[in-house]
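Coordinate inspection notes
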Amino acid sequence: MGPAPLSVLTLLVAQASAGEVVLPLEQWLEVEKEITRLEAYAPDVLPHAVRRRTLDVEFVRGVLFGTVTLDVDTHTKDAVLPLLDRAASLESVTIDGAPGVLVRGPSFYEGTIAKPGRHRVEVRFQAGREQARFERALALALPRAPVSRVNLVLPERDVDVDVERGVVDELRTDGKKTRARLHFTGGDGLRVRWRRRATHDVARAREMEAAALGLVRLEPELVHTQAVLTYTMVAGETDRVEAHIPDGVEVTAVEGPAILQWYTEERGAKRHLVVLLKHLVDDKVQIVVGAQAPLTSPTAAEVRFVTPADATLRDAWVAVEGRAGFHLEVSKMEGAEAVRPREVPEQLANLTDKPLLFAYRARTAWPSLGLVRTANHEIDLTQAVIDDLWVSTVLVEQGLEVTKMRLYVRNNTRQYLSMRLPEGAQVTHAMIDGAPFLPAVTREADDERLLVPLRQSERITGGQRRHRIRPGDTLGGLSLRYFGTSDRWDAIIDANPSVYGPEDLVVGEVVDIPNRAGDVTFEESNFVVELAYKVETGALTRAGARTTRLPTLDIPVMSATWHYYFPQAFEPLRFDSNLQQLSNIRYDPLRRLKQFFEHVEVIDHAWAGGGHLYENILESRKIIFQREQKTRVTEALAAFPLVGRRYRFERVLLEHEPAVVDVVYVERSLLPWLRFAFFALFVFVAFRLASHVRREGLVPALLSSVSLTFLAAAALAVFVGHYVLGVHRHAVLGADVGLALVVLPPLMSRWLTAARDAVRTRSLQVEAWWRPRRIVKIAVVATVLSVLLAYPLLLSTASLFGLVLLLVTAKEVR
């Protein structure tokens with residue numbers, strides 16, 4: 001209804017007693033329209049209405065057994081009626097006394113009532129899962145309804161009951177059970193909680209036995225004990241356990257899954273520990289009691305444990321853990337027999353990650369134990385450490401070294417990090433955790449050092465440890481490092497969803513290391529120090545040597561990684577460093593020969609086409625570089641352009657010494673001329689040696705000065721080829737050419753003469769080529785030639801051996 005008709009109707013009602021009302025025609029027409037609309041309005045008819053709902057339920061060890069009864073009015077045919085939580089299990093369904101069927105809907109079991117009228121629906125059900133140790137709570141999802149009545153039976157006595165969105169009308173004890181009558185509104189269903197009253201009755205007959213595990217830990221001023229008490233019910237049941245507290249002992253913690261609350265109380269001259277349980281226990285219950293007591297003297301300690309009360313102690317194990325700051329000896333032991341620490345129960349051993357020094361077993365009571373301690377001498381520990389040092393150095397051929405350092409530092413009490421920069425170094429920028437800072441300088445005589453201010457590392461308690469994967473790491477090795485055993489690798493897999501096996505350990509990535517049960521770890525966070533500097537050096541000559549040093553640090557470095565970028569226009573012939581070189585390694589000739597045979601097939605693809613397997617060599621290098629970047633270089637230092645070819649160096653545990661790299665280099669434009677020089681040299685010496693063999697014979701030639709010249713050239717090629725790639729291959733090709741110039745002309749002359757004579761005399765018979773023996777020879781020769789052509793790196797070597805064989809076996813050799 002709009003505002004105008006509403007105001008008009010209000011005016012009519014107000015002035016109805018006056019007998020006459022005068023309205024404008026327009027307003028009267030609007031009033032008629034609204035009256036017509038209201039007369040035609042018909043509200044929707046609800047398919048059903050719940051008149052009454054009653055639940056009769058009993059809770060037994062986590063399972064709810066019950067019956068829900070509904071009196072409902074339906075107004076349509078085939079009305080769908082939601083009844084009960086779809087997670088429950090149905091026993092029987094009746095509709096108006098006849099068996100019915102329910103189906104699972106989106107949220108509830110639903111039943112269909114065929115005809116309108118008043119009906120009664122009754123459903124028997126079970127909900128929940130049987131548990132030995134259940135919580136004092138139950139929940140049952142139900143559709144919305146008016147106020148519902150619940151008759152509830154609980155398996156305990158002396159309890160207080162709370163119902164969500166409802167009230168408790170009646171609560172009475174029936175033997176060992178409690179009966180409650182509740183009412184609650186529709187809401188989201190039935191939700192009930194109950195708790196035991198703190199009026200525990202200890203007069204009921206019961207009989208208990210106890211087993212105990214005790215761990216002793218000595219601190220500078222206190223004796224800490226941890227006792228695991230396991231109570232076993234021999235007769236009856238209980239909802240509480242007690243223990244005697246010795247004089248001078250203070251209980252600090254009581255833990256256990258069945259504990260409701262605990263407190264201590266005085267009973268005469270003795271103190272008792274009272275532990276209230278969440279439920280009645282008729283089998284076993286276990287509690288862990290932590291306690292402490294002051295030392296009786298600076299060097300002696302009397303160990304006293306919390307003792308089970310109202311229970312017969314049948315077995316007791318005691319172990320003493322070792323501490324780094326003390327040397328412990330047993331001064332008194334009564335009432336127990338000594339056992340090896342490895343024989344203690346596993347649960348006792350798992351209470352600590354420290355070694356167990358002594359272990360004892362008693363049968364009927366805690367042993368009487370006395371300890372004597374001697375303080376060990378303390379040593380000064382490292383106050384700061386650099387976990388990782390990442391360095392990138394770019395050497396510019398015009399004579400400039402640009403270096404950026406990233407240090408991951410953990411610091412306790414150090415104020416400064418002192419470093420001696422290389423001579424002539426100029427700092428360009430310095431930051432700590434991304435914030436710029438101004439370093440200071442200290443000068444003592446000729447020693448000038450840069451001082452980098454450090455901040456205090458934060459201590460982190462708990463949580464998971466983190467480990468950055470390094471080359472050679474394995475799951476078993478990580479387990480041995482962090483857990484003391486190699487068979488806990490499955491815990492590392494469980495803590496890292498991306499790790500399924502050893503092949504998933506990618507160098508540079510970080511994995512989480514879970515804590516052992518009972519561990520409380522204290523870790524120090526590290527912070528990042530970034531420093532960049534440049535050094536003016538002389539321009540690179542066409543050939544020479546260059547030394548690059550990093551700053552000397554007064555804090556030990558656990559791991560150092562140095563990326564050294566050398567100009568592309570120069571070829572490093574040799575690196576010498578106190579770090580381990582990981583790229584561009586020059587292997588000895590034997591290993592290079594082995595690699596030659598291992599990779600010869602790969603080169604075959606590039607030589608003979610190889611179809612889709614062929615790859616451009618520059619593209620292959622790019623792919624290899626990108627793969628290394630992903631697997632090994634996870635933290636690139638890219639504040640300045642990284643130009644040149646990258647060489648990588650690493651070292652673990654770099655103490656107070658600078659990292660140094662010495663490089664011997666040559667300009668790349670000189671390398672082709674050097675390879676050609678060796679090619680020409682071997683053409684000459686091989687030609688002279690082969691000619692000498694043809695003239696003088698094999699033995700005289702090998703004993704001549706020409707042979708010595710060839711050997712000297714070969715030794716020079718082996719040495720130079722170790723540093724300059726391609727020299728060995730050009731030397732072999734040169735030897736092939738020199739031998740061919742001597743060996744092949746006479747053989748070609750003989751073969752041509754024989755061919756002319758055969759044609760002249762017509763003695764060449766074509767059918768002779770088709771004989772089986774001749775065909776086999778042709779096939780063998782063709783196979784050998786195809787293999788040599790398919791593997792070009794073997795071709796020059798095979799040609800060399802073949803030419804030497806022809807030279808030695810030729811008839812002209814005297």
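See above for the structure.
Below: a short report on this structure. All values reported here derive from a predicted model rather than from experimental measurement.

1. Observations concerning the pattern of salt bridges
The tally for this structure, following the rule as stated, stands at 30 salt bridges. A salt bridge links Glu242 to Arg240; the nearest nitrogen and oxygen atoms lie 2.7 Å apart. In this structure Glu242 comes out as buried when scored by relative accessible area, which is 4%. The partner of Glu343 in a salt bridge is Arg340, and the shortest N-O contact between them spans 3.1 Å. A relative accessible area of 58% places Arg340 in the exposed class. Among the ionic contacts, a cluster of salt bridges with common partners joins Arg240, Glu242, Glu265 and Arg267.

2. Concerning the environment of His279
The residue His279 is located in strand S20 (residues 270-281) in this model. Assessed through its relative accessible area of 3%, His279 is described here as buried. Separated by 83 residues in sequence, His279 and Arg196 have C-alpha atoms that sit 8.2 Å apart.

3. Some remarks on the packing of aromatic side chains
All chains considered together, the criterion is met by 12 aromatic pairs. Between the aromatic rings of Phe305 and Trp366, the centroid separation amounts to 4.2 Å while the plane-to-plane angle is 15°, which identifies the pairing as stacked. Taken together, the residues Phe305 in the loop between strand S22 (300-303) and strand S23 (307-309) and Trp366 in the loop between strand S27 (356-362) and strand S28 (368-375) connect sequence positions 61 residues apart. Each ring, one from Phe575 and one from Phe649, has its centre 5.5 Å from the other, and the planes form 70°; the classification is edge-to-face. Taken as a pair, Phe575 in strand S44 (residues 570-577) and Phe649 in strand S46 (residues 645-654) lie far apart in primary sequence, 74 residues in all. When its relative accessible area of 13% is taken as the criterion, Phe575 is described as buried. Residue classification places Phe649 among the buried residues on the basis of a relative accessible area of 0%.

4. Re the sheet that holds strand S40 (residues 527-536)
Taken together, the eight strands give an open sheet; going across it, the order is S33-S32-S40-S30-S29-S43-S46-S45, and neighbouring strands pair in mixed fashion. Edge positions in the sheet fall to strand S33 (435-436) and strand S45 (580-581), since each of these pairs with one other strand and no more.

Here is what the cut-offs are and how they apply
- Residues numbered from 1 in each chain as written.
- Predicted model: local features only at pLDDT ≥ 70, side-chain atom pairs only at ≥ 80, totals over all residues.
- Heavy atoms only, no water.
- Salt bridge = Lys/Arg side-chain N within 4 Å of Asp/Glu carboxyl O.
- Buried < 20%, exposed > 50% of the residue type's maximum accessible area, 1.4 Å probe, protein only.
- Helix = DSSP H or I, 4+ residues; strand = E, 2+ residues; numbered from the N terminus.
- Phe/Tyr/Trp six-rings, centres within 6.5 Å; stacked < 30°, edge-to-face > 60°.
- Pairing = 2+ DSSP bridges.

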